[in-house]
Amino acid sequence: VQLQASGGGLVQAGGSLRLSCAASGRTSSNGVMGWFRQAPGKEREFVAAIRRSGGYTYYADSVKGRFTISRDNAKNTAYLQMNSLKPEDTAVYYCAAGYSVILSEIRQTRAYDAWGQGTQVTVSS
């Protein structure tokens, strides 16, 4: 599967952005779609994930209540709606797809099989 992330940009603190991740190829096997982020000098960290079956969602504590992940299976696209953005949300955001993700590993990068190219999100104070 190939993933194309888009929607990043520069926004003031308190603002909103919506990221999109369009999948092509072996999309029918995308059991889980996830979003991760990586700030300069830091490791890539889990942000949110959504299961294709049932639409169950999972969030990092740092974004819970502010970010919402969703997916449109017909369009093979996942979204990340980010509200009440903070300067500490500044990072490159990556979308990822996993074919067979164990629930206990859903927050780990190793659970995912394909990655998008990343999109920069910058939140100014």
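Residues numbered from 1 in each chain as written. Predicted model: local features only at pLDDT ≥ 70, side-chain atom pairs only at ≥ 80, totals over all residues. Heavy atoms only, no water.

1. A look at the overall build of the chain
Then step 1. The secondary structure content of the chain amounts to 0 helices and 11 strands.
Then step 2. Starting at the N terminus and walking to the C terminus, you meet the elements of the chain as β-β-β-β-β-β-β-β-β-β-β.
Then step 3. A compact globule built from 125 residues would reach a C-alpha radius of gyration of about 14 Å, and the chain, at 13 Å, matches this within 12%.
Then step 4. In terms of its C-alpha atoms, the chain occupies a principal-axis envelope of roughly 40 × 30 × 25 Å.
Then step 5. The contacts of the chain with a sequence gap of at least 6 include a subset with a gap of at least 24, amounting to 58%.
Then step 6. Total accessible area on the chain is roughly 6,200 Å²; 45% of this is exposed by carbon and sulfur atoms.
Then step 7. Positive and negative side-chain charges of the chain, numbering 14 and 8 respectively, have mean locations separated by a distance of 5 Å. (Helix = DSSP H or I, 4+ residues; strand = E, 2+ residues; numbered from the N terminus. Rg over C-alpha atoms; globule rule 2.2 N^0.38 Å. Contact = heavy atoms within 4.5 Å. Areas by Shrake-Rupley, 256 points an atom, 1.4 Å probe, with all protein chains shown as cover. Lys, Arg positive; Asp, Glu negative; His and termini not counted. Charge placed at Lys NZ, Arg CZ, Asp CG, Glu CD.)

2. A word on the pattern of salt bridges
Then step 1. Enumeration according to the criterion identifies 5 salt bridges in this entry.
Then step 2. The partner of E45 in a salt bridge is R37, with the nearest N and O atoms 2.6 Å apart.
Then step 3. Salt-bridge contacts for D89 lead to R66; the nearest nitrogen and oxygen are separated by 2.7 Å. Of this pair, D89 sits in the loop between β8 (77-82) and β9 (91-98) while R66 sits in the loop between β6 (57-59) and β7 (67-72), and the two are 23 residues apart along the sequence. Considered together, D89 and R66 belong to a single accessibility category, that of buried residues.
Then step 4. Connected through salt bridges with shared partners, the residues R37, E45, R66 and D89 form a single ionic network. (Salt bridge = Lys/Arg side-chain N within 4 Å of Asp/Glu carboxyl O. Buried < 20%, exposed > 50% of the residue type's maximum accessible area, 1.4 Å probe, protein only.)

3. A look at unusual backbone geometry
Then step 1. The phi torsion at N76 lies on the positive side, around 55°, for a residue other than glycine.
Then step 2. Relative to the assigned elements, N76 resides in the loop between β7 and β8.

4. Some remarks on the packing of aromatic side chains
Then step 1. Applying the stated criterion to the full structure yields 4 aromatic pairs.
Then step 2. Within the aromatic cluster, the residues linked to one another by ring pairs are F36, F46, Y112 and W115. (Phe/Tyr/Trp six-rings, centres within 6.5 Å; stacked < 30°, edge-to-face > 60°.)

5. Points about the state of the cysteines
Then step 1. One pass over the full model with this rule turns up 1 disulfide.
Then step 2. The disulfide partner of C21 is C95, and the S-S distance across this bridge is 2.2 Å. Negative torsions about the S-S bond denote left-handed disulfides, and the value of about 65° found for C21 with C95 makes this one right-handed. Of this pair, C21 sits in strand β3 (residues 17-24) while C95 sits in strand β9, and the two are 74 residues apart along the sequence. (Disulfide = S-S within 2.5 Å.)

6. Describing the nonpolar core
Then step 1. Among the nonpolar cores identified, the biggest contains 39 residues, and L3, W35, L80, M82, Y93 and Y112 are the most heavily contacted of them.
Then step 2. Those residues in contact with Y112 that lie beyond four places of it in its chain are V32, M33, G34, F36, F46, A49, A96, A97, G98 and I106. (Core = buried A, V, L, I, M, F, W, Y, C linked by side-chain atoms within 4.5 Å.)

7. Describing the sheet that holds strand β1 (residues 2-6)
Then step 1. Within the open sheet, the 4 strands sit side by side as β1-β3-β8-β7. Their pairing is antiparallel. Unpaired on one side and paired on the other, β1 and β7 mark the two borders of the sheet. Ignoring strand direction, the axes of neighbouring strands in this sheet form an average angle of 15°. (Pairing = 2+ DSSP bridges. Axes fitted to C-alpha atoms, helices over the stretch in contact; angles between N-to-C directions.)

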